[in-house]
Structures are given as C-alpha cells and as structure tokens.
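What follows is the residue order along each chain.
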Amino acid sequence: MSPVNFVYLAAVLFAIGAATVLLRRNAIMAFMGVELMLNAANLTLVAFSRMVGGIEGQIMAFFVMVVAAAEVVVGLAIIIAVSRARQSISLDEPSELKG
Amino acid sequence: MVSPLLFWFVAFVTVIPALSLLFARKPVHVAAAVVLVMVGLAVAYVALEAPFLGAVQIIVYTGAVMMLFLFVLMLVGVDKTESLKETITGQRWVALTLAVGLGALVISVVSRLPLSVNEQPVVGEPAEVASWLFGDYVLVVEVLGFVLISAALGALVLTHVPRLYPKRTQAEVHAARIAAGANPVNQAFPGVYARHNALDAPALDPEGNPIESSVSRVLKVRGQTIDGSEFKGDTQARRRELGAKEDDQ
C-alpha cells in the first residue's frame, strides 16, 4: 500500500479539525481542533518525506512540533486569563452584546 | 511500502476518536480521545520510516501537550457545558459543508498528482536526524530555543495575577490581634500530663489547678471532659509505679 494513503488520512483529519474549530463554542475544544489540524499537516510532511525518500520532511515536522508545543503553552495561558476575566471560555460571548 | 493492515489500523485509531471532537459533550472525554489520535499518528510515523519522530510525537503530544490540556480543563472547570444554541443561522451546515469540501478538494488534488515512491528511503533514526538538526539546520534549532523561552515567559506573564492588597507580615497580624484585645501569649494546651496525655484532660497551672480554658469547648458541651483534680495529688503514686524508692521522695 502506497504511503500516499496517509496523505488522504491526513486530509480527513484536517477536515475534522477544521469542522471542530468552526462548530464548537468551547475555546478548549476549538483549540484541540487546531492541534488536530497541526498534526494532520505533520502527517502530510512525514508521508511525502517517505515518498521522496529523504529526511528533510521529517526535520520540518519536528520543527512544527516544537512550534506547536510553544503555541499550546501560550494559547492555554490566554484561555486561563480569559476564563479568569469573564468566568467563561465560550467563543460565542460577543454575540451577547446584541442584547 | 506500508502494510495495508497497519494503515487501516492507524486510520481507525485516528479518525474514530477524532470524530469525538465533533460529537462528544464533555471536554475531558475529547481530550482522552485526542490522546488516542496522537498515539495512532505516532504509529503512522514509525510505519513511514520516522521512528525518532514517532517517539517525539508520543513524548511531546500525549505526554506534555494533552496533559497540559487536561490541567487547564481542571483549572477552568470540567463541568462547564456548552450551549448548543445557534447564534448565526445555518452556521452548523455551512461549517460542515466547508470542512467536507476542503477534505474532498485536498483528496482529489492529491489523487491527481503523478507521485512515485522511493524504494530506498532514508530511515529517520535519531543519529540521522541529529546530524541534520545540528548540521544544516543548526540556526533554526537556535531560533527554536528562543521561541520556547519566549513561550514560557509569555505563559508566566499571561497567567500572572497582581496582588490586590499589600502582603501582611506576621508582625502586623500580631499587632492587629493585640489591638483587638486578644491574649498575646499562647493558651495552655490540654492533656500535658505524664500519665494522661489526651485532649479531654485540662492542663494544670503551676499551683496544680486545672486550667478550664485549655480544653476544647466542643468536648465541654458534650460532657466528655475529665476533671483535672484527680491528677493533683497523684505524683507519689505515680513515682511508686515507676519504681522509685520511697525515701527518694
């Protein structure tokens, strides 16, 4: 079975992550959707790296992982700061301004 | 080439838990499911000749990132339920259509590409990855070090809460207590006898009289205290018990 199937799998995972970001109201859930999209992109990098036969794609995936770890730390800190300020982490709060 | 059995295993172990992102109600269940997705992706990396990346995936994602998510869920409250009321009309269907369309588009584009598979790939062993990381990409690794440090600093700054009132020192607390008319010294503790060391016996003052205030008010109300007087003249019997000679006394 060709490694290109893993690219299709990554596309499916990316679509699920995108749908999560668009549909869920809980900030943490949406953030997990972002993580899933990042991981799908990583899977694409590794699968293409396997098809090309080199290792550069894996190095890029490694860099993506490091940046994603840093991004998670800052993102979760922002979520904590928001939940302290508003007692809620719903992404839909601005709609209550309409009254 | 990858074994079809392995591919389908990875596909089930990643896609089905990932669907819980869309359908599960409780964030904790979703976090547990995403942990499973990350493990499945690690298996995929190992199957794609990237064993080092598979290990990093398990350590960084399942070990650090998802546990961080669980900690934050604990901090902001696990039982916050999401309102499912639609605030933008038709948002749900538009979003689902867009996501499915995106997936279909990517799959159809990739399936039209003339892709060939190299039969002798370089295996991503740790030594091989390290020679690339600290060879051609060493500058990127340095920059990533800065990124990680600034992320840690950013998290500290964002979660910092300034103190609303100045901190009270022990001396200030004590002065306030004296000003309120409290006794400045410690109260006697109950039950400090050699024979009877329990909370229900009052302490004795230097003259041998029981100090009533040393026994808990609750025990007094329940009538569970004992009178300290029976220990007052007891020293001689106590010494005899311990084997002291009569003439020592």
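Please refer to the structure placed before this passage.
Predicted model only: the values in this text are computed from it and were never measured.

Moving on to the overall build of chain B. Secondary structure assignment for chain B yields nine helices and two strands. Its helices and strands in sequence order give chain B the pattern α-α-α-α-α-α-α-β-β-α-α, from N to C terminus. Considering chain B as a whole, with its 249 residues, one finds that 27% of them fall into the buried category. Taking the contacts inside chain B whose residues are at least 6 apart along the sequence as the reference set, 46% of them involve residues at least 24 apart. Of the roughly 16600 Å² of accessible surface on chain B, 65% is carried by carbon and sulfur atoms.

Another aspect to go through is the environment of Ala-68 of chain A. With respect to the helices and strands, Ala-68 of chain A occurs in helix H3 (residues 56-86). Beyond its immediate sequence surroundings of up to four residues, Ala-68 of chain A is in contact with Glu-35 and Leu-38 of chain A together with Tyr-61 of chain B.

A word on helix H3 (residues 51-76) of chain B. A rise of 1.5 Å per residue sets the reference length of H3 of chain B, with its 26 residues, at 38 Å; its end C-alpha atoms lie 36 Å apart and thus fit the reference within 8%. Where H3 of chain B bends most, the angle comes to about 30°, and this point is Tyr-61 of chain B. All of the buried residues along H3 of chain B are Leu-53, Gly-54, Val-56, Gln-57, Tyr-61, Thr-62, Val-65, Met-66, Phe-69, Val-72, Leu-73 and Val-76 of chain B. Of the surrounding elements, those touching the buried residues of H3 of chain B are helix H2 (27-52) and H3 of chain A together with helix H2 (27-47) of chain B. Two residues or fewer after H3 of chain B comes Gly-77 of chain B, characterised by a positive phi angle close to 105°.

Let's shift gears to unusual backbone geometry. Trans peptide bonds make up the majority, and among non-glycine residues the majority have a negative phi. Phi is positive for Glu-49 of chain B, close to 60°, though the residue is something other than glycine. Among the structural elements, Glu-49 of chain B can be located in the loop between H2 and H3.

Within the structure shown, the criterion is met by seven aromatic pairs over all chains. Seen in terms of ring centroids, Phe-6 of chain A and Phe-7 of chain B are 5.1 Å apart; in terms of plane orientation they differ by 85°. Their pairing is edge-to-face. Separated into two different chains, Phe-6 of chain A in helix H1 (residues 4-23) and Phe-7 of chain B in helix H1 (residues 4-23) make up a pair that spans both. Geometrically, the ring pair formed by Phe-31 of chain A and Phe-69 of chain B is tilted, given 5.6 Å between the ring centres and 50° between the ring planes. In this pair, Phe-31 of chain A is assigned in helix H2 and Phe-69 of chain B in helix H3, connecting two distinct chains. Judged on exposure class, the residue Phe-31 of chain A and its partner Phe-69 of chain B are both buried. One aromatic cluster is present, formed by Phe-62 and Phe-63 of chain A together with Phe-52, Trp-132 and Tyr-137 of chain B through successive ring pairs.

Residue and element names in this part refer to chain A. The end-to-end C-alpha distance of H2, which contains 26 residues, comes to 38 Å, matching closely the 38 Å that a straight helix rising 1.5 Å per residue would cover. Two or three places before Ile-28, at the opening of H2, Asn-26 has a side-chain oxygen 3.0 Å from that residue's backbone nitrogen. Among the residues trailing H2, Gly-53 stands out with phi positive, at a value near 95°.

With that settled, consider the interface of chain B and chain A. Between chain B and chain A, the residue contacts involve 86 residues of the former and 70 residues of the latter. Approximately 7000 Å² of surface area, both sides summed, lies buried where chain B meets chain A, with 78% of it carried by carbon and sulfur atoms. Counting the contacts that link chain B with chain A gives zero salt bridges. At the junction of chain B and chain A, the tally comes to 12 residue pairs in polar contact (both at pLDDT 80 or more). Taken together, the elements giving at least two residues each to the side of chain B that touches chain A come down to H1, H2, H3, helix H4 (91-112), helix H5 (126-133) and helix H6 (138-158) of chain B.

What counts as what
Residues numbered from 1 in each chain as written. Chains lettered and ligands numbered in written order. Predicted model: local features only at pLDDT ≥ 70, side-chain atom pairs only at ≥ 80, totals over all residues. Heavy atoms only, no water. Helix = DSSP H or I, 4+ residues; strand = E, 2+ residues; numbered from the N terminus. Buried < 20%, exposed > 50% of the residue type's maximum accessible area, 1.4 Å probe, protein only. Contact = heavy atoms within 4.5 Å. Areas by Shrake-Rupley, 256 points an atom, 1.4 Å probe, with all protein chains shown as cover. Expected span 1.5 Å × (residues − 1). Bend = angle between axes of the 7 residues up to and from the residue. Phe/Tyr/Trp six-rings, centres within 6.5 Å; stacked < 30°, edge-to-face > 60°. Polar contact = N/O pair within 3.5 Å; in protein donor to acceptor, adjacent residues only side chain to side chain. Buried area = accessible area lost by both parts, 1.4 Å probe. Salt bridge = Lys/Arg side-chain N within 4 Å of Asp/Glu carboxyl O.

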